[in-house]
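# Survey of secondary and tertiary structure
Letter by letter, the chains look like this.
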Amino acid sequence: MPAWEFIIITVKKMNFSAPITNPFGLTNLGTFSRPTFVDINGNGNRDAFVGVAFPGLNGGNIYFYQNIGTPGNPEFAAPQLNPFGLTLPAPVPNGNFSSPTFVDINGDSRFDAFVGAWDGNIYYYPNTGTPAVPNFSTGPVANPFGLQNVGNLSTPTFVDINGDGKLDAFVGSQNGDIHYFENTGNAASPAFAAPVINPFGLNGLPLSSNPTFVDANNNGFQDLFVGEHQGNIYYFENTGNAASPEFAAPVINPFGLTDVGFFSSPTFVDINGDLDAFVGAQDGNIYYFQALVGANQPPTGLDLSNESLREGVLAGTVVGTFTTTDPDPGDTFTYEFVNGLGDADNALFSITDNYLTINISPDFGTQNSYDIRVQTSDQWGASFEQTFTVDIQELEKINGTAGNNILRGNLSDNLIRGLAGNDRIFGVGGNNVLNGGDGNDIIHGGSGDDIIYGGNGDDMIFGSRGNNSLYGGQGDDVIYAGQGDDLIDGGPGNNRLFSNGGSNTFVLREGIGRDLIYNFRNGTDLIQLGGGLTFNDLDISGGTNYTHIKVANTGEFLAILGGTDASGIGEANFTIGF
């Protein structure tokens, strides 16, 4: 086993139970406990070393708890003081402070000790014993291999952050800065470059930073967890790659971790068959956060809610929504195109959240089907790929001219385009696509389920029968729902929208104008929020016969519900869409 294996820990799925205080025979040793775990004697069990801090006689000592249990059932013997020849770092007035960590820094298969201290130095204790019987009596050496003093309260940890096979050093400090020392030497002879303060995009670091690394989401990159003076644990996800890390903004106390009081000191270890967290604290206790779940299970299926489109729908039309089958409850998913068999038409589509949209207006005569390949990934990095074929439905085409046209469909499924001019279009039968184009058009749906586009201009649209999708387009439009369940999207402009018949859904987005919605029926109709808006973004006000809907933080007016009592409008009246 490589002697630094315990640092490169990868967890399939991170989630923790409520903390247990001083489990498995661990004890309170005074103040400012800083635990770390290592199999120091090569028997397969992780032993515990705990540094403690000022004030008092124990300040700066390191206690060793031998694990006399088994790999699945840890049990720690009574603590031993400064074992194996460990000695206190240089004393300071009113006590000291120790923050130990163990790594094989020179490739000899023996764990060496590095200890942070109050004075800001990093003290090195080379292990001159054997893998089974350590000996640290030749230490300490202050700031070896190019390491430097970091001010006060140094808290070192080591990780191969850039994938070059060498352990780099990260050292926390009292002022919160984390000092990065890249290892430019080799596995047998380390050499640390001059420190870089808060590298790789780190920001928002707390005071008294105490760093440790673990791959929290199973993507192969080492993520950063930082203890701090208020007792919280900050999580910085590594959003870069194995050779070039980049850390996201911090998340405080993720995955069920909690505040432990003051001066948290986290470490992660597989103590009993899964990856658990142990957190030291100012009160001298060690808090154990047990992993709740084992290995993450990957997604097992990917579905698309709809796999056909009528020809003539506009670019940007939603094809359908993706859903993932996964044996793990509560997982969340992202979707992306991937290369492979069945990816020929990936570039002609887009994915936003779980919505698939087409980037062109499809024409059956040009291409009657499109092949895409999509990957779904859970938040732990496990994935599943699926190919889909989106079929294009052929419609009977009726085209107008640049003038003012009267265009009437037939009993077939029609694609009617008014083109330019002020047109009158009638859908009649079938499931149609009706597009007014430029001009001020009047468009009537037919008896089927129609898709109607007003286009550019101030248009009037009538849903008629069927379950229709009614899009006003650019301009100040008037849209009447029909007898079915209609989707009504006024588009850019100040539109007047009328409910009728079935259960209708009105679409609102930011930045496109204010709509006046008539006959909105509470409990029957819905308002769909698009473009990332949520109900929590809204300010809803009004009176007995009207409701105003605005964006809370900008004051932008989205809609007025005419004749609708504002007191009855709440989150149940809204849904989230594209």
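Read on for a plain summary of the structure. The shown structure was predicted, so the numbers you read here are calculated from the model rather than taken from an experiment. (Residues numbered from 1 in each chain as written. Predicted model: local features only at pLDDT ≥ 70, side-chain atom pairs only at ≥ 80, totals over all residues. Heavy atoms only, no water.)

## Some remarks on the overall build of the protein chain
A tally of helices and strands in the protein chain yields zero helices and 47 strands. For 578 residues, the compact-globule estimate of 2.2 N^0.38 gives 25 Å, and the C-alpha radius of gyration of the protein chain, at 32 Å, exceeds that figure by more than 25%. With 578 residues in all, the protein chain has 52% of them scored as buried. Working note: accessible area of the protein chain is about 22,400 Å², and carbon and sulfur atoms make up 50% of it. (Helix = DSSP H or I, 4+ residues; strand = E, 2+ residues; numbered from the N terminus. Rg over C-alpha atoms; globule rule 2.2 N^0.38 Å. Buried < 20%, exposed > 50% of the residue type's maximum accessible area, 1.4 Å probe, protein only. Areas by Shrake-Rupley, 256 points an atom, 1.4 Å probe, with all protein chains shown as cover.)

## Notes on the sheet that holds strand E18 (residues 265-270)
Here we have four strands laid out as an open sheet, ordered E1-E20-E19-E18, and antiparallel in their pairing. If you trace the sheet from one side to the other, it starts and ends with strand E1 (20-21) and E18, each paired once. Of the pairings in the sheet, the one linking E1 to strand E20 (residues 286-289) comprises two bridges and is antiparallel in character. Directly across from Thr21, in E20, lies its bridge partner Tyr287. (Pairing = 2+ DSSP bridges.)

## Overview of the environment of Gln386
With respect to the helices, strands and loops of the structure, Gln386 is situated in strand E28 (residues 383-393). A relative accessible area of 28% places Gln386 in the partly exposed class. Counting along the chain gives 14 residues from Gln386 to Ile372, while the straight-line C-alpha distance between them is 8.5 Å. Those residues in contact with Gln386, other than ones at most four positions away along the chain, are Leu302, Ile372, Arg373 and Val374. (Contact = heavy atoms within 4.5 Å.)

## Quick look at the packing of aromatic side chains
Note on aromatic pairs: each is described by the distance of the centres and the angle between the planes. Inspection of the entire model under this criterion finds 35 aromatic pairs. A ring pair is formed by Phe170 and Phe213, whose centres lie 4.7 Å apart and whose planes are at 55°; its orientation type is tilted. Placement of Phe170 in strand E11 (residues 168-172) and of Phe213 in strand E14 (residues 210-214) is noted, with a sequence separation of 43 residues between them. Taken together, the aromatic side chains of Phe24, Phe37, Tyr65, Phe76, Phe278 and Tyr288 make up a single cluster linked through ring pairs. A cation over an aromatic ring shows up here: Arg408 above the ring of Phe426, its NZ or CZ 4.6 Å from the ring centre. (Phe/Tyr/Trp six-rings, centres within 6.5 Å; stacked < 30°, edge-to-face > 60°. Lys NZ or Arg CZ within 6 Å of the ring centre and 35° of its normal.)

## What about the pairing of strand E42 (residues 515-518)?
Residues Asp515 and Ile517 of E42 are buried on one face, while the alternating residues Leu516 and Tyr518, pointing to the opposite face, are not. Of the strand pairs in this sheet, strand E40 (residues 496-498) and E42 are connected by three bridges, and their pairing is parallel. Looking at the pairing, Phe498 lines up with Tyr518 of E42. As defined by bridge partners, E42 adjoins strand E46 (residues 557-562) across four bridges and the pair is classed as parallel. Paired with Ile517 across the strands is Leu561, a residue of E46.

## So, the nonpolar core
Across soluble globular proteins, nonpolar side chains have a tendency to be buried as a group. Grouped together as the largest cluster of nonpolar side chains are 28 residues, with contacts concentrated most on Ile527 and Ile549. Of all elements in the fold, only strand E41 (505-508), strand E43 (526-529), strand E45 (546-551) and E46 reach the threshold of two or more residues within this core. A total of three residues in this core trace back to one element, the largest contributor, which is E46. Discounting residues that sit within four places of it in the chain, Ile527 has contacts with Phe506, Leu508, Phe520, Ile549, Leu561, Asn573, Phe574 and Thr575. Core analysis: the second largest hydrophobic core is formed by 21 residues, Phe322, Val390, Leu415 and Tyr453 among them. (Core = buried A, V, L, I, M, F, W, Y, C linked by side-chain atoms within 4.5 Å.)

## Re the environment of Asn219
The residue Asn219 is located in the loop between E14 and strand E15 (223-227) in this model. Here Asn219 falls in the partly exposed class, since its relative accessible area comes to 28%. Taking the C-alpha atoms as reference points, Asn219 and Thr239, 20 residues apart in sequence, are found 9.5 Å from one another.

## Quick notes on the side chain of Asn238
Considering the arrangement of structural elements, one finds Asn238 in the loop between strand E16 (233-236) and strand E17 (251-252). Accessibility expressed as a relative area gives 2% for Asn238, which makes it buried.

## Thoughts on the environment of Asn494
Tracing the backbone through its elements, the reader meets Asn494 in the loop between strand E39 (487-489) and E40. A relative accessible area of 48% means that Asn494 is categorised as partly exposed. Sequence separation between Asn494 and Val478 is 16 residues, and the spatial gap between their C-alpha atoms is 9.3 Å. Not counting chain neighbours up to four residues away, the residues in contact with Asn494 comprise Gly475, Asp476, Asp477, Gly513, Arg514 and Asp515. At a separation of 2.9 Å, a polar atom in the side chain of Asn494 contacts the main-chain amide nitrogen of Arg514. (Polar contact = N/O pair within 3.5 Å; in protein donor to acceptor, adjacent residues only side chain to side chain.)

## Quick look at the side chain of Ser33
With respect to the secondary-structure elements, Ser33 resides in the loop between E1 and strand E2 (34-38). Apart from residues no more than four positions distant in its own chain, Ser33 is found in contact with Val50, Gly51, Ser265, Gly280, Ala281, Gly284, Asn285 and Ile286.

## Quick look at unusual backbone geometry
Here the phi dihedral of Asn22 falls at roughly 50°; this positive angle occurs in a residue that is not glycine. Here Asn22 lies in the loop between E1 and E2. Judged by its relative accessible area of 19%, Asn22 falls in the buried class. In the Ramachandran plot, Phe84 falls in the positive-phi region, its phi being about 60° despite a non-glycine side chain.

## Points about the pairing of strand E27 (residues 369-378)
Two faces belong to every sheet, and in a regular strand the side chains alternate between them. Across the 10 residues of E27, eight count as buried, placing the element largely inside the fold. Two strands pair when backbone bridges link them, and E27 and E28 are joined in this way by nine bridges, in the antiparallel orientation. Within E28, the position partnered with Thr376 by the bridge is Phe384.

## Focus: the pattern of salt bridges
What the rule picks out here adds up to six salt bridges. Here Asp164 makes a salt bridge to Lys166, at a shortest N to O gap of 3.6 Å. For Asp164, a relative accessible area of 32% translates into the label partly exposed. (Salt bridge = Lys/Arg side-chain N within 4 Å of Asp/Glu carboxyl O.)

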